[in-house]
Amino acid sequence: MTTRDIQALTTVALPLPHVSRGKVREMFALGDDLLLVATDRLSAFDIVFEEGIPDKGRVLTGLSDFWFNRLDAARPHHRISTDVDALVAETPSLEPFRDALAGRTMRCVRARPIAVECVVRGYLEGSGWREYRDTGSVAGIRLPEGLRRGDELPEPIFTPATKAVEGHDVNISCAELEQRVGESLAARLRDRSLSLYRQGREHARDRGILLADTKFEFGWGPAEELLLIDEVLTPDSSRFWDADEWSPGGAQLSFDKQPIRDFLEAEREAGRWNGAPPLPGLPDSAIEATSERYREAYRRIVARPLSGAD
Ligand SMILES: Nc1ncnc2c1ncn2[C@@H]1O[C@H](COP(=O)(O)OP(=O)(O)O)[C@@H](O)[C@H]1O
Ligand SMILES: [Mg+2]
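Owing to the predicted nature of the structure, the values given are computational and were not obtained by experimental measurement.

Chemist: Could you clarify how one ought to interpret the site of ligand 1 in this entry?
Modeler: In the vicinity of ligand 1 lie 15 residues, with Lys23, Val24, Arg25, His78 and Glu217 positioned nearest. Take Lys23: an N or O atom from its main chain is 2.8 Å from an oxygen atom of ligand 1. Glu217 has a polar side-chain atom sitting 2.6 Å from an oxygen atom of ligand 1. Its free accessible area being 560 Å², ligand 1 has 84% of it covered by the protein chains. The residue makeup of the shell around ligand 1, split by class, is seven nonpolar, two polar and six charged.

Chemist: Before we go on, may I ask you to explain the nonpolar core in this structure?
Modeler: The tendency in soluble globular proteins is for nonpolar side chains to be buried as a group. With 63 residues, the main nonpolar core has Phe216 and Phe218 as its most contacted residues. Excluding residues within four positions of it along the chain, Phe216 makes contact with Val116, Glu117, Cys118, Val120, Ser193, Leu196, Tyr197, Leu228, Val232 and Leu233. One finds Leu16, Leu30, Val37 and Val84 within the second-largest nonpolar core, a separate group that totals 13 residues.

Chemist: I tried to follow helix H4 (residues 126–135) on my own but got confused; where do I start?
Modeler: Residues three or four positions apart in an α-helix share a direction because the helix packs 3.6 residues into each turn. Inspection of H4 places Gly126, Gly128, Trp129 and Tyr132 among the buried residues, and these make up the whole buried set. Along the long axis of H4, the arc covered by the buried residues comes to 150°, so they all point the same way. Against the buried residues of H4 lie strand E9 (116–123), strand E10 (137–138) and strand E17 (238–242). Downstream of H4 by one or two residues, Gly136 has phi in the positive range, about 80°.

Chemist: I would appreciate a short explanation of the pairing of strand E16 (residues 226–229) in the present structure.
Modeler: A regular strand carries its side chains on alternate faces of the sheet. In E16, alternate side chains face the same way, and those of Leu226 and Leu228 on one face and Leu227 and Ile229 on the other are all buried. One ladder, built from four bridges, connects strand E15 (residues 209–220) with E16; its direction is antiparallel. Counterpart to Trp220 in the pairing with E16 is Leu226. In this structure, the hairpin formed by E15 and E16 is closed by a connection of five residues, where Glu224 is found at a positive phi of approximately 60°.

Chemist: Is there a simple way to think about empty space enclosed by the protein in this case?
Modeler: Over the atoms rolls a probe the size of a water molecule, and its path tells where empty space is left. All chains considered together, the criterion is met by one cavity of 30 Å³ or more. If you list the elements that add at least two residues to the lining of the largest cavity, you get strand E3 (33–38) and helix H1 (56–70). Among the elements that take part in the lining of the largest cavity, H1 stands out by supplying three residues, more than any other. Class assignment for the residues of the lining of the largest cavity results in four nonpolar, two polar and four charged.

Chemist: Honestly, the environment of Val232 in this entry has me stumped. Any pointers?
Modeler: Take Val232: it is sitting in the loop between E16 and E17. Separated by 17 residues in the primary sequence, Val232 and Gly249 place their C-alpha atoms 28 Å from one another. Once residues within four sequence positions are removed from consideration, Val232 is found in contact with Leu63, Ser64, Trp67, Phe68, Phe216 and Ser237.

Chemist: So what exactly am I meant to see when it comes to the sheet that holds strand E1 (residues 18–21) here?
Modeler: Where strands meet in a sheet, backbone hydrogen bonds hold them as pairs that are either parallel or antiparallel. Spatially, the five strands line up as an open sheet ordered E1-E2-E3-E7-E6, and their pairing is antiparallel. Only two strands of the sheet have a single partner each, and these edge strands are E1 and strand E6 (79–81). Direction aside, neighbouring strands of the sheet carry axes that sit 30° apart on average. Bridging between strand E2 (residues 25–30) and E3 involves six bridges; their strand directions are antiparallel. The residue bridging Met27 from the neighbouring strand is Leu36, located in E3. Relative to strand E7 (residues 105–108), H1 is tilted by about 45°, and along the sheet it contacts E2, E3, E6 and E7.

Chemist: Just to check I follow, could you spell out the pairing of E9 for this structure?
Modeler: Burial runs high along E9: eight of the eight residues are buried. Where E9 meets strand E13 (residues 161–162), two bridges bridge the pair, whose relative direction is antiparallel. In the sheet register, Glu117 faces E13, and the bridge partner there is Ala161. Both E9 and E15 contribute to a ladder of four bridges, which runs antiparallel.

Chemist: So what exactly am I meant to see when it comes to the packing of aromatic side chains here?
Modeler: The relative placement of two aromatic rings is captured by the distance of their centres and the angle of their planes. Using the criterion set out here, one finds five aromatic pairs in the structure. Ring geometry for Phe45 and Trp273: centres 6.2 Å apart, planes at 45°, overall tilted. One end of the pair, Phe45, is in the loop between strand E4 (43–44) and strand E5 (47–48); the other, Trp273, is in the loop between helix H7 (258–269) and helix H8 (284–302), and 228 residues separate them in sequence. Accessibility expressed as a relative area gives 8% for Trp273, which makes it buried. For the ring pair Tyr123 and Trp241, a centre distance of 5.6 Å and an interplane angle of 70° mean the geometry is edge-to-face. Remark: Trp241 occurs in strand E17 and Tyr123 occurs in strand E9; sequence separation between them is 118 residues. The rings of Tyr123, Trp241 and Trp246 are connected pair by pair, giving a single aromatic cluster.

Chemist: Would you mind showing me how to read the confidence of the model for the protein here?
Modeler: Low pLDDT means the predicted atomic positions in that stretch should not be read closely. Per-residue confidence for the protein gives a mean pLDDT of 95; residues scoring 70 or more make up 97%. In the predicted structure, residues 1–6 sits below a pLDDT of 50 and forms nine contacts with residues beyond four places in sequence or in another chain.

Reading the values: rules and limits
Residues numbered from 1 in each chain as written. Chains lettered and ligands numbered in written order. Predicted model: local features only at pLDDT ≥ 70, side-chain atom pairs only at ≥ 80, totals over all residues. Heavy atoms only, no water. Near = heavy atom within 4 Å. Polar contact = N/O pair within 3.5 Å; in protein donor to acceptor, adjacent residues only side chain to side chain. Areas by Shrake-Rupley, 256 points an atom, 1.4 Å probe, with all protein chains shown as cover. Nonpolar A, V, L, I, M, F, W, Y, C, P; charged D, E, K, R; others polar. Core = buried A, V, L, I, M, F, W, Y, C linked by side-chain atoms within 4.5 Å. Buried < 20%, exposed > 50% of the residue type's maximum accessible area, 1.4 Å probe, protein only. Contact = heavy atoms within 4.5 Å. Helix = DSSP H or I, 4+ residues; strand = E, 2+ residues; numbered from the N terminus. Arc of directions from axis to C-beta. Pairing = 2+ DSSP bridges. 1 Å grid on protein atoms, 1.4 Å probe; cavity = no way out; pocket = protein on both sides within 12 Å on 5 of 7 lines; lining within 4 Å. Points joined across faces, edges and corners; volume = space filled by probe spheres on them. Axes fitted to C-alpha atoms, helices over the stretch in contact; angles between N-to-C directions. Phe/Tyr/Trp six-rings, centres within 6.5 Å; stacked < 30°, edge-to-face > 60°. pLDDT = per-residue confidence, 0-100.

The following block contains the structure:
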C-alpha cells in the first residue's frame, strides 16, 4: 500500500475526556495535560471541507515539533511529548488508536490561552495589504509609500488580532492590545512574536520558503509562565511562498493550498459555485496535489521526508 491509498483522518474519538474540537484539532484531557490531535481536516473561509488531506495532520504536528526544538524564542512552550508509543504504554486503552495517532499527536501543558492572535507580517498580503492600500498603514504602523502587494516590508511588523467567536479575526492596533492585556504583556507578546518570526524566517528562507506572515498563540502555564502554545509556523498558521516563484505586484501562489484555490476558482468561473458556503466537494486530484504540497513543505523545512511518506 502506498501513502496514496491511505484515507485521510477527519475525525477521531478516543476513550479520553473530550475537551473541545477546533477546525483542525481534537483536544482531549490526559490527567492535567492536554492531548492535541491534528486531523487531516482542511478549512477555507472558516468552513471545514468534508474531505480531508492525507498526511496534513502529521505535517502540522511534525513542523510544530521541529520549530519547538529549533527556535530559541519558542521556549518555554507547551509541548511535552509526541511519543505515541510512550503514550500508549501509559494509557493502554489507546492501543487500538496507535496508528491513527502516530505523528499527529502532541501531549501538551494545558494552558490558559491569551485570547489574542499574535500575527507577524514580513510581506504585504491579505488583510495587511488591504489596510495598507486603503490607509498607508497596517495596525496603526505607518509604512513607506509605493509598496506593492506581495512586497517585503522594511521590517517585520506585529499586527495583533482578536479571536472572533464567529467568522473572521478582527485586527486591532497595538494601543488596543495594551488596553486589553496591559502594556507589559503587550510588549512581551510583541517581542516574542517578532523574535519567533525572525528566527523561523531565516531558516525557512535558507530552505527556499518565504514565511510571508504567521500567527502565534500564547497561554499561561501552571507556574504563570508565558508559554508558546498551539501550532507553530505551519502552512495553516502562516502564508508559505516558494522563494523561486515570489513575484510582488499581485497575489502570490500559495505553497500548499494553490490546488484548492485553483479548483475553487475554476468552479466559480464555470458558474457551479457562487463563492459562498457551502463549499463544493473536492476532486481527488486537488486533494492529492494539496497533500503532496504539505509533504513538500515539511520536506523542505525539516530537510528530510515526512516519515512514512515518499
Ligand atoms: N496548550 C494549550 N492549552 C490550551 N489550549 C490550547 C493549547 N494549545 C492550543 N490550544 C487551543 O486549541 C485549539 C487548537 O485547535 P484548532 O483546530 O487549531 O482550533 P481553531 O479552529 O481555533 O484554529 C485552539 O483553540 C487553541 O487556542
Ligand atoms: Mg488553529
